[in-house]
Every structure is written in structure tokens, then in C-alpha cells.
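Structural overview for review
Below, each chain spelled out in residue letters.
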Amino acid sequence: SQKIEQNSEALNIQEGKTATLTCNYTNYSPAYLQWYRQDPGRGPVFLLLIRENEKEKRKERLKVTFDTTLKQSLFHITASQPADSATYLCALVGDTGRRALTFGSGTRLQVQP
Amino acid sequence: EADIYQTPRYLVIGTGKKITLECSQTMGHDKMYWYQQDPGMELHLIHYSYGVNSTEKGDLSSESTVSRIRTEHFPLTLESARPSHTSQYLCASSEWRGDAETQYFGPGTRLLVL
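Presented here is an overview of the structure given in this document. All figures in this text were calculated on a predicted structure; none of them were measured in a lab.

Cut-offs applied
Residues numbered from 1 in each chain as written. Chains lettered and ligands numbered in written order. Predicted model: local features only at pLDDT ≥ 70, side-chain atom pairs only at ≥ 80, totals over all residues. Heavy atoms only, no water. Helix = DSSP H or I, 4+ residues; strand = E, 2+ residues; numbered from the N terminus. Rg over C-alpha atoms; globule rule 2.2 N^0.38 Å. Contact = heavy atoms within 4.5 Å. Areas by Shrake-Rupley, 256 points an atom, 1.4 Å probe, with all protein chains shown as cover. Disulfide = S-S within 2.5 Å. Buried < 20%, exposed > 50% of the residue type's maximum accessible area, 1.4 Å probe, protein only. Pairing = 2+ DSSP bridges. Axes fitted to C-alpha atoms, helices over the stretch in contact; angles between N-to-C directions. Buried area = accessible area lost by both parts, 1.4 Å probe. Salt bridge = Lys/Arg side-chain N within 4 Å of Asp/Glu carboxyl O. Polar contact = N/O pair within 3.5 Å; in protein donor to acceptor, adjacent residues only side chain to side chain. Phe/Tyr/Trp six-rings, centres within 6.5 Å; stacked < 30°, edge-to-face > 60°. Lys NZ or Arg CZ within 6 Å of the ring centre and 35° of its normal.

**Section: the overall build of chain B**
The helix and strand inventory of chain B stands at zero helices and eleven strands. Along chain B, from the amino end to the carboxyl end, the secondary structure elements read β-β-β-β-β-β-β-β-β-β-β. Radius of gyration (C-alpha) of chain B: 14 Å, near the 13 Å computed for a compact globule of 114 residues. For the C-alpha atoms alone, the extent of chain B along its principal axes is close to 45 × 30 × 25 Å. Look at the contacts in chain B between residues 6 or more apart in sequence, and 53% of them connect residues 24 or more apart. With the model as given, the accessible surface of chain B reaches about 5,500 Å², and the carbon-plus-sulfur share is 52%.

What follows is the structure, given as C-alpha cells:
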């Protein structure tokens, strides 16, 4: 069956360090992968999209890599700040007929000042 | 900031009541979605729509129904609320950038059924 796996344990890091979050998937052949940020009690907000033919994408302090051989995406936040504390979700397009986005369960990031 | 709105933001209601959660977007998006999410848990797709007069059930079985009479409006109705319906309900719409779909979420409705 298709699965998207993100580390369910919270990631705690010190301000200024680089946070790295992992998204692994099985039985998908996604044309692209997305990362969203979700704050408590609010809806997710789109951050970045990376296509299967792109190895890396950057946006300000964010960097995403996409390895279709390993079936893995890494999401990095450099020079992390307490304001980066949130849950980060990865999302893929499923292979079913409706081709809707499927979201991982997310990893909570806590940046300590 | 996405132009997608949900009302009410919070709702406390008794068992057996009929409720409608409102969702509207002003971006002209055709595709819209309803998700259910419990605190700290993953999003579960319960309904989606490709456009006016199109509605489909999602992955998670839900006793709710939806309608899509206008592009901008996608309300969700529970005919008889139960405590098991207590959750957060998130509405989203999507746009296509080339061949890729990006979703925009509303702020959510937090429902408590007593």
C-alpha cells in the first residue's frame, strides 16, 4: 500500500542551527513533492514544491532535496529561529484516478532560543 | 495570505443538531476539499469537488455531506451531530501551476459536540 512517513517524534534544536526533516514514501511515483507548514489550530500553508527532475530547491532559508531512487525528500531550515517552530508536512500526488494530494502526518519542529 | 474563509471558527453544539460549516474562496479555484484533523494527527480527506455540481467522497468515511452549487462556495453539513464528530475541519482549494497542484487552506472550524 502507499505510505508517506515522517518522523512522528518532535525535533528539538537550538536557535541558529540547521533543522533537517525527512519524508519517506513507498509505492508512489510522484511527479512532484510539496512541503507545507502548519501552526497549531490553523490550516497548512504551502512552502515549496520540487519536481522529480529537480534534485534541490531553495527559497530563502529553506532547502528541499528530492531523491526518487531513495524515495526520500529532505527539508532543511538554515539559521533556524523560534518563529520556525511548527509542524511541517510533506505531500505527494497519489496514483489513484483522482490524483489528489496526500499528506504525511508531519513532524513537529521546536526551535529553542 | 490565501483568500479562503471558513465560518464559524469555533462551534459547540449538542448531540443530534444539524450543522453546516461554511467555506468560501475568492480565487476562482475549481477544486475544493474538506479535511478532518484531530489535534496532533494527520489530515484525512473526507470530501472533494472538481467544480460546480461535482462532489466526491474522500478517503475517510464521513457522515457529512457537501454541495457545490457555486464555484466559490463549498459547505459541509452534518445532519445529526454526534460526539464522535468532534474534530477540526479544514477546507482547501487548489490551483494548478503547470502540471502541479498547490492547495490553499482556510483557518479551520473547530467543532465540539457535547
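**A short note on the state of the cysteines**
All names here are of chain A. Considering all chains together, one arrives at two disulfides over all chains under this definition. For C23, the disulfide goes to C90, at an S-S distance of 2.0 Å. Between C23 and C90, the S-S torsion sits near 60°, and that sign places the bridge as right-handed. On the criterion of sequence distance, the pair formed by C23 in strand β3 (residues 19-26) and C90 in strand β9 (residues 86-93) is long-range, its members being 67 residues apart. Judged by relative accessible area, C90 falls into the buried class, the value being 0%.

**Points about the pairing of strand β4 (residues 32-38) of chain A**
Residue and element names in this part refer to chain A. Counting buried positions over the seven residues of β4 gives seven, a clear majority of the element. Pairing analysis gives six bridges linking β4 to strand β5 (residues 45-51), with the strands arranged antiparallel. Residue pairing in the sheet places W35 in a bridge with L48 of β5. Here β4 folds back onto β5, and the loop between the two strands holds six residues, one of which, G41, carries a positive phi near 75°. Summarising the sheet, β4 and β9 pair through six bridges and their orientation is antiparallel. Looking across to β9, one finds that Q34 is bridged to A91.

**Points about the sheet that holds strand β3 (residues 19-25) of chain B**
If you trace the four strands from one edge of the open sheet to the other, you get β1-β3-β8-β7 (chain B), paired in antiparallel fashion. This sheet does not close on itself; its edge strands, each paired only once, are β1 (4-7) and β7 (65-66) of chain B.

**Looking at the sheet that holds strand β7 (residues 62-67) of chain A**
Residues and elements named next belong to chain A. Ordered by their spatial adjacency, five strands build an open sheet running β1-β3-β8-β7-β6, and the pairing between neighbours is antiparallel. Looking at the sheet topology across the chains shown, the edges are occupied by β1 (3-6) and β6 (56-59). For this sheet the average axis-to-axis angle between neighbouring strands, irrespective of direction, equals 15°. Sheet topology places β7 next to strand β8 (residues 72-77); six bridges connect them, and they run antiparallel. If you follow L62 over to β8, its bridge partner there is I77.

**Digging into the interface of chain A and chain B**
With 19 residues of chain A at the contact, the number on the chain B side is 24 residues. Summing the contributions of chain A and of chain B, the shared interface buries around 1,700 Å²; its carbon and sulfur component is 46%. At the boundary of chain A and chain B, one finds zero salt bridges. In this structure, the connection of chain A to chain B is made through four residue pairs in polar contact (both at pLDDT 80 or more).

**Thoughts on the packing of aromatic side chains**
Per the stated rule, a full pass over the model turns up eleven aromatic pairs over all chains. Judged by centre distance (5.1 Å) and plane angle (65°), the ring pair of Y36(A) and F103(A) falls under edge-to-face. One end of the pair, Y36(A), is in strand β4; the other, F103(A), is in strand β10 (residues 101-103), and 67 residues separate them in sequence. Overall, the relative accessible area of 0% leaves Y36(A) in the buried class. Judged by centre distance (5.8 Å) and plane angle (90°), the rings of F103(A) and Y35(B) are edge-to-face. One end of the pair, F103(A), is in strand β10; the other, Y35(B), is in strand β4 (residues 31-37), on a second chain. In terms of burial, F103(A) and Y35(B) fall into one category: buried. Directly above the aromatic system of F74(B) lies the positively charged group of R68(B), at a separation of 5.8 Å from the ring centroid.

Interpretation note: all reported values are geometric properties and have no functional meaning in isolation.
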